[in-house]
Structure formats: C-alpha cells, structure tokens
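# Chains, contacts and geometry: an overview
Spelled out, the chains give:
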Number of protein chains: 2
Amino acid sequence: MNEFMKLAKEEAIKGITNHDGGPFGAVIVKNGRVISKGHNEVLQKHNPVLHAEIVAIMQACEVLNTSDLTDCILYTSCEPCPMCLSAIIWANITNVYYACTKKDAASIGFRDDDIYEFIKGHNEMLNLQELNREDCLEVMQKYQNDGGKLY
Amino acid sequence: MNEFMKLAKEEAIKGITNHDGGPFGAVIVKNGRVISKGHNEVLQKHNPVLHAEIVAIMQACEVLNTSDLTDCILYTSCEPCPMCLSAIIWANITNVYYACTKKDAASIGFRDDDIYEFIKGHNEMLNLQELNREDCLEVMQKYQNDGGKLY
C-alpha cells in the first residue's frame with residue numbers, strides 16, 4: 001500500500017474511532033514530505049464543510065502560509081465530493097490520488113454522487129434563482145477595475 | 001432591491017474595501033431573521049476555502065449549533081461555485097438566491113465556469129487517479145456496520 005494513502009486511511013480510522021464524522025481521511029504531501037493530515041470533522045464540530053480534504057487543505061495553507069498549494073499532492077481515502085474537488089482546484093493542487101470511489105460512498109448512503117449529478121444538471125436538489133443581478137454587478141466591475149486578485 | 005441581497009452586496013463591498021478577497025458577499029436567513037453574513041476572505045486568511053458562502057455557512061452553523069441548516073435561505077451576490085454549491089447541499093439549504101452569474105465571474109477572470117465544466121467532464125484541470133481502493137474500503141464498511149451518520 002502507498003505510504004501516504006496508508007496515512008490517509010489511518011486518519012479515516014482515527015475519525016470514526018473518535019466519532020468526529022464520516023469515514024474519510026486525507027493527507028497533503030509536498031516534495032515527499034507530509035504537510036498536513038485531516039479527517040472528516042463534520043459531526044464533532046457541527047460544521048458541514050469540514051470534510052477530510054478541506055481540513056487537510058486548510059491546515060496545509062496554515063503551515064505553508066499561503067492559499068496556493070501548487071506542487072502539493074493530495075491523497076484521500078475516498079474520491080472527493082464536488083465541494084472538495086473544487087477546493088482542491090481553488091488551492092491549485094493538480095494531482096490527487098483517491099482510494100474508494102464516489103459509488104462506494106453512495107453505496108453506504110452518502111450523497112456525493114447525487115451532488116455530481118446536480119452539478120451536471122441531472123436532478124433538482126436545490127432551488128437556485130437569480131435576483132438583483134444589475135444591482136450587484138457594479139461591485140464585481142469595481143474589483144476588476146482596481147486590479148483585484150483572482151482567488 | 002431585496003433587503004437580504006442588499007446586505008450580501010454590502011458584505012461584498014466590505015470585503016473588497018478591506019482587501020480580504022474577491023468581490024463576493026453572502027447572507028443566511030431563517031424565518032426572516034439574518035443568522036449570518038460573510039464575504040470572501042481567501043486573501044486575508046491565506047485560505048482558498050473561505051468563499052463568502054462558506055464563511056456564512058460556517059458562521060450560521062456556529063450560531064445555531066448544528067451542521068443542519070434546513071429552512072435557511074442563502075442570498076449571495078454571485079452564483080455559487082461548485083465548492084459552495086456542494087457545501088450548501090451538505091448543509092441542507094434548499095433555497096438560494098444569487099445576483100451575478102458564473103459567466104459574470106468568468107468575465108472578470110474567476111475560474112468558476114471552468115470548474116463547472118471539469119465536474120461535467122469537459123476539461124482536465126486536475127489529474128485524479130484511483131489507488132489502493134481495496135485497502136481503504138474496509139473503513140467505510142466498518143462505518144456503515146456501526147450505523148455511522150451520513151454527513
């Protein structure tokens with residue numbers, strides 16, 4: 001077994017042993033060195049955002065003092081949900097290894113697969129409505145005119 | 001202009017005035033009462049996850065002491081990226097109003113639209129590879145056997 005995936009699995013085990021949340025662990029590695037480890041803490045912290053990958057990303061950014069994780073590799077015990085996948089892209093990570101699949105997550109009841117299908121336009125999990133676009137557009141235009149960074 | 005969207009816009013303005021991050025604000029409302037407000041803090045906190053919607057969700061969960069935001073409505077000054085959209089779903093929010101669109105975000109240089117296309121399978125922003133599935137599957141099965149919650 002890959003040594004970093006083994007650490008991700010150990011994080012997942014730690015998470016369920018502590019009843020912190022779902023059975024998921026993640027590790028971030030840079031130049032062969034472990035930068036951060038995380039597991040799902042949704043239950044323990046009452047925070048739906050704290051998936052293993054998000055916890056690992058936030059910790060890596062703290063350790064490296066940057067929001068840019070270029071050249072980092074993420075190992076996760078399960079295929080990232082669209083939230084984590086997008087967070088990985090926003091963090092500029094480009095290489096991800098996962099063990100279990102989103103189908104495996106679905107088979108034990110998690111909604112990852114449904115969220116993928118929603119984003120592809122195949123179901124209606126959410127009502128999304130446009131409102132007051134013209135009123136808010138000027139803020140975005142001001143940001144662009146001021147040369148704001150694209151994070 | 002809708003009163004809650006106005007607050008979301010004000011948050012966006014606050015964020016760019018303080019140089020906290022991109023020009024985005026969000027507000028969460030329950031039973032007509034504002035529960036939380038947030039703006040993008042990616043730059044200020046070196047944290048790629050802290051989009052306006054994520055900040056508002058995390059704060060609402062703290063205020064209400066739950067990861068379940070059923071019956072909350074989210075107002076955001078721009079259409080949520082897939083990270084935020086998924087976080088909204090994980091938080092059980094089902095009604096979202098947005099002002100600017102993902103095309104507007106793309107037009108000032110943000111990658112929201114590319115991430116949507118990636119999740120739909122239309123580009124290759126990221127290398128995703130399966131590894132050691134069999135070794136990790138047992139952790140998920142143990143969680144299911146123990147009746148673990150689906151967050």
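Here the structure is shown first, and the text comes after it.
Residues numbered from 1 in each chain as written. Chains lettered and ligands numbered in written order. Predicted model: local features only at pLDDT ≥ 70, side-chain atom pairs only at ≥ 80, totals over all residues.

## Observations regarding the sheet that holds strand S2 (residues 33–39) of chain B
The test is simple: Two strands form a pair only when DSSP identifies at least two bridges running between them. For the purposes of this entry, the term helix denotes a DSSP run of H or I that reaches at least four residues, the term strand denotes a run of E that reaches at least two, and both are numbered from the N terminus. Axis definition: a line fit to C-alpha positions, over the contact stretch in the case of helices; interaxial angles, taken between N-to-C directions, run 0 to 180 degrees. Residue pairs qualify as contacts under a 7 Å threshold applied to their C-beta atoms, which are placed from the backbone.
Here we have 5 strands laid out as an open sheet, ordered S5(A)-S4(B)-S3(B)-S1(B)-S2(B), and mixed in their pairing. Whereas interior strands pair on both sides, the edge strands pair on one side only; in this sheet they are strand S5 (127–130) of chain A together with S2 of chain B. Taken over all neighbouring pairs, the strand axes of this sheet differ in orientation by 20 degrees on average, direction set aside. Sheet topology note: the strand S1 (residues 25–30) of chain B/S2 of chain B ladder contains 6 bridges and is antiparallel. From the neighbouring strand, Val29 of chain B faces S2 of chain B, where its bridge partner is Val34 of chain B. Strands in contact with helix H7 (residues 133–145) of chain A are S5 of chain A together with strand S3 (72–78) and strand S4 (95–100) of chain B; relative to S4 of chain B, the strand with the most contacts, it is inclined by about 60 degrees.

## Thoughts on the interface of chain A and chain B
Stated precisely, the cut-off is as follows: Classification convention: Asp, Glu, Lys, Arg as charged; Ala, Val, Leu, Ile, Met, Phe, Trp, Tyr, Cys, Pro as nonpolar; all other residues, Gly among them, as polar.
In this assembly, 71 residues from chain A lie in contact with 71 residues from chain B. Per-element tally for the side of chain A that touches chain B: the top contributor is H7 of chain A, with 9 residues. Of the residues assigned to the side of chain A that touches chain B, the class counts are 44 nonpolar, 19 polar and 8 charged. In this structure, strand S4 (residues 95–100) of chain A lies alongside strand S5 (residues 127–130) of chain B, joined through 4 bridges in parallel fashion. Bridged to Tyr97 of chain A within S5 of chain B is Gln129 of chain B.

## With respect to the nonpolar core
Looking at soluble globular proteins, one finds that nonpolar side chains tend to be buried together. Filter applied, for reference: Joining buried Ala, Val, Leu, Ile, Met, Phe, Trp, Tyr and Cys residues through C-beta atoms within 7 Å gives a set, and that set is a nonpolar core. Backbone-placed C-beta atoms define the burial measure: a residue is buried with 20 or more other C-beta atoms within 10 Å of its own, exposed with 12 or fewer, and partly exposed in between.
Judged by nonpolar contacts, the single largest core of 104 residues is most densely connected at Ile28, Ile57 and Ala87 of chain A together with Ile28, Ile57 and Ala87 of chain B. Residues contacting Ile57 of chain A, with those up to four places away along its chain left out, are Ile28, Leu69, Ala87 and Ala91 of chain A together with Pro48 and Val49 of chain B.

## Observations regarding the relation of the copies chain A and chain B
Using the following cut-off: For the least-squares superposition of copies, only C-alpha atoms count, and only for residues with pLDDT at least 70 in both.
Turning chain A through 180 degrees and shifting it by 0.0 Å along the axis lays it on chain B, with an RMSD of 0.0 Å. Taken together, the turn and the small shift mark the pair as related by a two-fold rotation axis. Residue Met83 of chain A of chain A places its C-alpha closer to the rotation axis than any other residue of that unit, at 1.9 Å.

## Digging into the pairing of S4 of chain A
Residues and elements named next belong to chain A. The element S4 is largely enclosed, with a buried count of 5 among its 6 residues. The sheet contact formed by strand S3 (residues 72–78) and S4 spans 5 bridges and is parallel. Note on S4: the bridge partner recorded for Thr76 is Tyr98.

## Side note on the packing of helix H3 (residues 52–64) of chain B against helix H4 (residues 82–90) of chain B
Residues and elements named next belong to chain B. Condition: The labels follow the angle: roughly parallel below 35 degrees, roughly antiparallel above 145, roughly perpendicular from 65 to 115, and oblique for the rest. Working rule for handedness: look at the near helix, and if it is turned counterclockwise from the far one by less than a right angle, call the crossing left-handed; if clockwise, right-handed.
For the pair H3 and H4, the least separation of the axes is 9 Å and the interaxial angle reads 20 degrees. With respect to H4, the axis of H3 lies roughly parallel. For the pair H3 and H4, the crossing hand works out as left-handed. Here Glu53, Ile54 and Ile57 of H3 come into contact with H4, specifically with Cys84, Ala87 and Ile88. When its residues are assigned to classes, the contact of H3 with H4 shows 5 nonpolar, no polar and 1 charged.

## A few points about the sheet that holds S3 of chain A
Pairing is mixed across the open sheet formed by 5 strands, whose spatial order is S2(A)-S1(A)-S3(A)-S4(A)-S5(B). Taken across any chain shown, the strands that pair with only one partner, and hence form the sheet edges, are strand S2 (33–39) of chain A together with S5 of chain B. The sheet shows a mean angle of 20 degrees between the axes of neighbouring strands, direction not considered. Two elements, strand S1 (residues 25–30) of chain A and S3 of chain A, share 5 bridges in a ladder whose sense is antiparallel. The residue bridging Val29 of chain A from the neighbouring strand is Ile73 of chain A, located in S3 of chain A. Where helix H1 (residues 3–17) of chain A meets the sheet, its contacts fall on S1, S2, S3 and S4 of chain A, and the angle it forms with S1 of chain A comes to roughly 145 degrees. Across the face of the sheet, helix H7 (residues 133–145) of chain B comes into contact with S3 and S4 of chain A together with S5 of chain B while running at roughly 60 degrees to S4 of chain A.

Structural measurements only, silent on function.
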